[in-house]
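So you can see what is in the structure, the chains are spelled out below.
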Amino acid sequence: MIGVKDRISTVQTAVIIANFMLGSGILTLPRIIGEKVGTPDVWLTVILGGGLAILAGVIMAKLSMIYPEQTFYQFNRLLIGKWMGGLLSLITIVYFFVIAAIQLRTLNEVTVLFLLGGTPTWAIIMMFMWVSLYLLTGGINPIARLFEIILPISIVIYLIVIGMGLKIFDFNNLRPLLGQGIMPVLKGLETTSFTFTGIEIILIITAFMKKPNKSVKAVMYGTAIPMVIYLITVVIVIGSMSVDAVVSRTWPTIDLVRGYEVSGLIFERYDSFLLVIWIMQIYSTYTITYYASALGLSLLFKWKLNTCLFLLLPIVFLTTMIPKNTNELFKLGDMVGYCTIYLFGLLPILLLLIAKWKGSRQG
Amino acid sequence: MNPHILRKSILFCLSILLLMVQTGCWSMAEIEDLSMYVGMALDEPEETELEQKLNELGYDQPKKNLISYTVQIVNKQGEEKSSSSGSSSTSKPYLNITETGDSLLQMEREFSTRLERPLIGNHLKVIVINEKLARKQNMNYLLDFFLRDNDIRLSTVVLMSSERARDTLEAKDNATIPTFRLASMINNRRRSLQILPPVTLTNLVGDMRSHTSYMLQNVVATEGIVKFSGAAVINGKTQTCKGLLNEEEALGISWLKGFGVGGVVKITDEMTKQLVTFEVTQMKSKINAKVQNNEISFDVKIQFDARTMENWSKSNKDFDDGFIERMQTAAEEEVERVVKIGLGKIQKKYKTDIVGFGKALQIQHPKQWQHVKDDWDKTFSEIPITYSVKMKLTDNGAKSTH
């Protein structure tokens with residue numbers, strides 16, 4: 001079913017996972033985790049959360065390796081039956097396009113606040129959707145190749161922009177280490193799930209891999225890159241602003257960049273750099289979730305992929321408009337985060353057990 | 001016509017059309033059509049003459065007079081004139097405009113009814129707050145608008161003025177933009193210990209939320225001349241100004257915090273009764289929190305390097321070990337003297353920890369901190385604090401002997 005042209009390499013798989021993960025989360029990450037943790041130990045939470053994410057990713061990769069050439073939408077019915085599998089596919093489809101919608105809405109909120117004050121919402125969102133649709137109609141391979149271009153550019157620029165935040169860095173803001181014990185660190189753990197959303201794509205793209213047996217490796221690298229970037233982000237943002245400042249700011253990472261000015265380099269202010277590369281990251285997250293959702297629809301109802309791509313356009317657009325304000329947007333994000341824990345943190349373990357059990361019965 | 005060529009030419013025309021929409025953005029605003037404000041002053045309510053006249057002319061909106069809000073706008077026309085003529089211009093390169101009321105945003109929008117160009121805050125550099133206003137109003141309220149606004153950067157520096165804050169935004173001559181003068185003066189920290197590290201909005205966000213006390217640089221102004229002098233103490237709990245530190249007291253706090261990057265120490269040599277001045281090249285301090293039987297105490301170790309830069313004493317042995325030792329002891333005593341003055345003021349009079357003893361306790365004894373943090377100001381005022389100063393005289397400048 002999947003043609004040779006649609007095959008992607010192991011590196012590309014890792015890049016897709018990393019690009020999916022690095023999305024809207026990065027601008028709010030220090031606040032979201034900081035709120036729950038409350039102490040400067042947020043970075044420990046990120047390491048632990050990343051570890052758990054890698055674990056979950058490995059489980060999902062193992063699961064998909066049992067059914068080569070098949071995506072999650074196809075093999076779940078082999079495991080839990082046609083109806084249950086269909087339902088699970090449907091939930092997954094909704095899950096993916098809700099993420100796509102959240103990404104779009106966050107993009108809109110930030111661009112209206114910081115970049116394009118007078119541009120109407122529909123103009124920002126529709127442009128974005130159309131440009132993405134253009135890429136999507138090309139299939140997984142063009143998506144992967146574009147992501148390969150986007151990822152290194154954004155990582156380099158991001159690290160430079162964030163690194164200059166060291167100008168206002170104060171090590172005391174990260175102390176004391178574990179001042180209130182390990183409990184606060186663990187309390188923040190569940191909030192990291194939304195930031196590590198993205199590993200679940202391995203359930204779908206393993207089917208496209210040239211070497212599906214390398215998917216464990218891909219998922220590990222794909223998660224490790226964002227984890228390191230998140231780690232650098234929380235260390236620098238909290239180290240520069242203190243955890244108390246971070247939790248009272250809506251977009252702490254942007255505030256870090258708006259908190260320093262560099263004289264002597266060509267530019268004094270780097271906010272627009274951050275926003276530009278961040279828009280590219282939103283684009284990639286949006287594109288891949290949209291693709292996953294449309295692919296699910298097409299496999300579930302046996303429709304053509306292109307039909308599904310166009311069909312989803314109005315649905316995603318309307319979903320984007322559902323949150324009435326930023327608070328509701330963040331709440332929706334939290335909800336999706338919890339879904340991630342159950343849907344792709346715990347469920348795959350169960351599915352893997354079923355698959356093993358079935359396999360041993362057949363063997 | 002060949003359909004292939006026709007298709008190509010249509011595509012060509014379309015792509016030219018596409019170029020038309022690529023030239024700019026919808027939200028574009030020409031920089032010449034904007035009033036860029038660079039400085040701001042918050043004062044006690046006191047309507048200017050102009051305001052009173054304007055109020056008489058028209059019906060004013062309902063408001064309480066709580067704050068007088070002044071913004072300083074860079075006057076581009078004035079600047080252009082001065083640069084083209086080459087000689088001193090007749091108009092000032094800036095424009096101060098004051099409005100009295102309660103809501104800062106409302107006042108800022110009021111300015112639009114008096115100016116032809118809308119205000120933008122992207123280049124705001126300095127906010128000066130009047131000390132008496134800060135005694136009455138919570139800093140959270142005064143700064144809320146600036147922290148919410150999407151134009152204003154968090155790198156904006158906040159200063160305090162014991163005089164009328166808007167006076168610090170005045171200059172005598174026609175070449176100075178007062179805000180830029182203030183912003184540049186902050187960079188002179190290598191020269192003087194009187195200049196405290198700038199406190200930006202970023203710093204304030206954290207301190208305000210964690211109820212940490214802090215100090216702000218005090219700036220005084222008279223006849224269009226400004227001077228950094230002392231500091232204002234803001235209490236963490238109430239977020240209001242507790243009072244002022246004079247120059248010597250503020251100096252003591254600078255030594256305790258050890259955050260200086262330069263400055264001078266002046267002593268009188270007890271043997272020759274003559275003046276010797278050192279330039280500080282390096283300085284650091286370390287606060288050690290000790291907890292014994294639930295009793296908290298602090299010990300501060302201050303260390304600094306300096307070189308002799310002025311010596312009136314007729315000793316012709318600058319390199320003599322005895323001389324160096326004598327000078328070191330004298331300088332250490334001098335620093336201890338100002339530390340004592342500064343510490344006494346904040347610990348006993350203001351009962352406000354602006355040095356960061358609380359943070360040191362939190363880092364070194366996090367459990368103990370949890371017990372005392374709610375009533376820290378009171379606890380702090382009763383804690384014994386010891387300090388010791390160690391000076392290293394590194395060299396004697398370019399001159400060796402008399």
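Everything numeric in this text was worked out from a predicted model, so none of it was measured.

Topic: the overall build of chain B
On a plain count of helices and strands, chain B comes out with 13 helices and 13 strands. Taking 21 Å as the expected radius of gyration for a compact globule of 402 residues, we find that chain B reaches 28 Å, considerably beyond that expectation. Overall, chain B is about 100 × 60 × 50 Å in size when its C-alpha atoms are taken along their principal axes. Sorting the 402 residues of chain B into buried and exposed places 48% on the buried side. Considering only contacts in chain B between residues 6 or more positions apart, those separated by 24 or more positions represent 74%. Averaging the locations of the 52 positively and 52 negatively charged side chains of chain B gives two centres separated by 4 Å.

A few points about the overall build of chain A
When helices and strands are counted, chain A shows 16 helices and zero strands. The C-alpha radius of gyration computed for chain A amounts to 20 Å, which stays within 12% of the reference 21 Å derived for 363 residues, consistent with globular compactness. Its C-alpha atoms give chain A principal-axis dimensions of about 65 × 45 × 35 Å. Residue pairs at least 24 apart in sequence account for 83% of intrachain contacts in chain A once pairs closer than 6 positions are excluded. Of the roughly 14,800 Å² that chain A leaves accessible, carbon and sulfur atoms contribute 70%. Counting 26 positive and 16 negative side-chain charges, chain A places the centres of these two groups 15 Å from one another.

Some details on the environment of Val219 of chain A
All names here are of chain A. Examined against the element boundaries, Val219 turns out to sit in helix α11 (residues 215–241). Between the C-alpha atoms of Val219 and Val247, which are 28 residues apart in sequence, the distance is 31 Å. Those residues within four positions of Val219 in sequence are excluded, and the remaining contacts are Ile17, Gly57, Val58, Ala61, Ile199 and Ile202.

Let's talk about the packing of helix α5 (residues 82–115) of chain A against helix α6 (residues 121–136) of chain A
Helix packing for two helices is described by the angle between their axes and how far apart those axes are. Residues and elements named next belong to chain A. Orientation of α5 relative to α6, taken along the N-to-C sense of each, is 130 degrees, at an axis distance of 10 Å. Relative to α6, the element α5 lies oblique. Crossing geometry of α5 relative to α6 is assigned as right-handed. On the side of α5, the interface is formed by Leu104, Leu107, Asn108, Thr111 and Val112, while α6 contributes Thr121, Ile124, Ile125, Phe128 and Met129. Grouping the amino acids of the contact of α5 with α6 by side-chain chemistry returns seven nonpolar, three polar and no charged.

Some remarks on the nonpolar core
When a protein is soluble and globular, its nonpolar side chains tend to lie buried together. Ranked by size, the top nonpolar core spans 158 residues in total, and within it Tyr69, Ile129, Leu143 and Phe146 of chain B carry the most contacts. Examining the composition of this core, we find that 16 residues originate from one element, helix α14 (residues 271–301) of chain A, more than from any other. The contacts of Phe146 of chain B, once residues within four sequence positions are left out, are Met40, Leu42, Tyr69, Leu104, Ile127, Ile152 and Leu201 of chain B. Grouped together as the second largest cluster of nonpolar side chains are 49 residues, Ala250, Phe278, Val280 and Ala306 of chain B included.

Cut-offs used in this document
- Residues numbered from 1 in each chain as written.
- Chains lettered and ligands numbered in written order.
- Predicted model: local features only at pLDDT ≥ 70, side-chain atom pairs only at ≥ 80, totals over all residues.
- Heavy atoms only, no water.
- Helix = DSSP H or I, 4+ residues; strand = E, 2+ residues; numbered from the N terminus.
- Rg over C-alpha atoms; globule rule 2.2 N^0.38 Å.
- Buried < 20%, exposed > 50% of the residue type's maximum accessible area, 1.4 Å probe, protein only.
- Contact = heavy atoms within 4.5 Å.
- Lys, Arg positive; Asp, Glu negative; His and termini not counted.
- Charge placed at Lys NZ, Arg CZ, Asp CG, Glu CD.
- Areas by Shrake-Rupley, 256 points an atom, 1.4 Å probe, with all protein chains shown as cover.
- Axes fitted to C-alpha atoms, helices over the stretch in contact; angles between N-to-C directions.
- Parallel < 35°, antiparallel > 145°, perpendicular 65-115°, else oblique.
- Left-handed = near helix turned anticlockwise from the far one by under 90°.
- Nonpolar A, V, L, I, M, F, W, Y, C, P; charged D, E, K, R; others polar.
- Core = buried A, V, L, I, M, F, W, Y, C linked by side-chain atoms within 4.5 Å.

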